[in-house]
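One letter stands for each residue in the lines below.
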Amino acid sequence: MDWTDLIDTAFKMAGNSNQANRAEAVRTVEASVIGGEKPVASTAGRHPDHFRKGVLVLTTHRLLFLKDGKPPVPVPLAAVTDAAVARTKLNREVLTVVALTGSHRFEDVAKAEVFAEQVREAARLARTSPPAPAPAPGSPAGEQLIGQLERLAALRASGALTDEEFTLAKQRLLG
């Protein structure tokens, strides 16, 4: 499966047939791929801050949320501790991904149970696989890494993470 197949699958689930949006989503994902990252699965869902559905893309390294050609919202899999599904009348299937970088909620997720299981398995593999070398500062992936480290430091400063949890999460990110 390649990136185009992954995006097409999610767009079909979302009921979105706009070819320009599909092409933009593929370009966005391909531009943000980190070394050795491969596509795993995709589905459609809505972030609580958005009305229309976007695309959830699971890779070997991250979970990405794509919406309207904006930069993807990344969740590093090595930091994911849980992925759970709840059902509500208003938002249907709600996927909650809990990570050391924060909790992420996606509503009206297509095939949420299957996707949650794929996220849990990919996260388990990401935690047990040897990490890839850290990207160079100044590169898009390097800037993303710096942002993730800053968020971890803020979580530790706020008391949301213990020093031990912070050190472990930092080691996972840096390899």
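Above this text is the structure in question.
Residues numbered from 1 in each chain as written. Predicted model: local features only at pLDDT ≥ 70, side-chain atom pairs only at ≥ 80, totals over all residues. Heavy atoms only, no water.

Asker: Explain the sheet that holds strand 6 (residues 92–99) to me, please; I cannot follow it from the model alone.
Answerer: Strand pairing in a sheet is mediated by backbone hydrogen bonds. Such pairs are either parallel or antiparallel. Across the sheet, which stays open at both edges, the 3 strands sit in the order 5-6-7 with antiparallel pairing between neighbours. Only two strands of the sheet have a single neighbouring strand rather than two, namely strand 5 (80–88) and strand 7 (102–106). Along the sheet, successive strands turn relative to each other by an average axial angle of 15°, direction set aside. Bridge count for strand 6 against strand 7 is 5 bridges, and the pairing is antiparallel. In the strand pairing of strand 7, Val 97 is matched with His 104. (Pairing = 2+ DSSP bridges. Helix = DSSP H or I, 4+ residues; strand = E, 2+ residues; numbered from the N terminus. Axes fitted to C-alpha atoms, helices over the stretch in contact; angles between N-to-C directions.)

Asker: What am I meant to see in helix 5 (residues 163–174) here?
Answerer: Think of an α-helix as turning once every 3.6 residues; residues three or four places apart then point the same way. Here helix 5 spans 16 Å end to end across 12 residues, near enough to the 16 Å set by a 1.5 Å rise per residue. Among the residues of helix 5, those classed as buried are Phe 166, Ala 169 and Leu 173. Seen along its axis, helix 5 keeps its buried residues to an arc of 70°; they face one direction. Facing away from the buried side of helix 5 by over 90 degrees, the exposed positions are Asp 163 and Glu 164. (Expected span 1.5 Å × (residues − 1). Buried < 20%, exposed > 50% of the residue type's maximum accessible area, 1.4 Å probe, protein only. Arc of directions from axis to C-beta.)

Asker: Would you mind showing me how to read the pairing of strand 1 (residues 39–45) here?
Answerer: Taken residue by residue, a regular strand's side chains alternate between the two faces of the sheet. Most of strand 1 sits inside the fold, with 5 of its 7 residues counted as buried. Alignment of strand 1 against strand 2 (residues 54–59), held across 6 bridges, turns out to be antiparallel. Paired with Thr 43 across the two strands is Leu 56, which belongs to strand 2.

Asker: Explanation requested: the nonpolar core in the structure shown.
Answerer: For soluble globular proteins, nonpolar side chains are generally found buried alongside one another. With 29 residues, the main nonpolar core has Leu 56, Leu 58, Leu 63, Val 80, Leu 95, Phe 106 and Phe 115 as its most contacted residues. At the level of secondary structure, the elements contributing two or more residues to this core comprise strand 2, strand 3 (62–66), strand 5, strand 6, helix 3 (112–128), helix 4 (140–158) and helix 5. Tallying contributions element by element places helix 3 first for this core, with 6 residues. Listed in part, the 12 residues of the second largest apolar core include Trp 3, Ala 10, Ala 25 and Val 29. (Core = buried A, V, L, I, M, F, W, Y, C linked by side-chain atoms within 4.5 Å.)

Asker: How should I be thinking about the sheet that holds strand 1 in this particular structure?
Answerer: Pairing in this open sheet of 4 strands is antiparallel, and the strands run 1-2-3-4 from one edge to the other. Every interior strand has two partners, whereas the edge strands, strand 1 and strand 4 (73–76), have only one. When the angles between neighbouring strand axes are averaged without regard to direction, this sheet yields 15°. Across the face of the sheet, helix 2 (residues 19–32) comes into contact with strand 2 and strand 3 while running at roughly 145° to strand 3. On the sheet, helix 3 packs against strand 1, strand 2 and strand 3 and is oriented at approximately 35° with respect to strand 2. (Contact = heavy atoms within 4.5 Å.)

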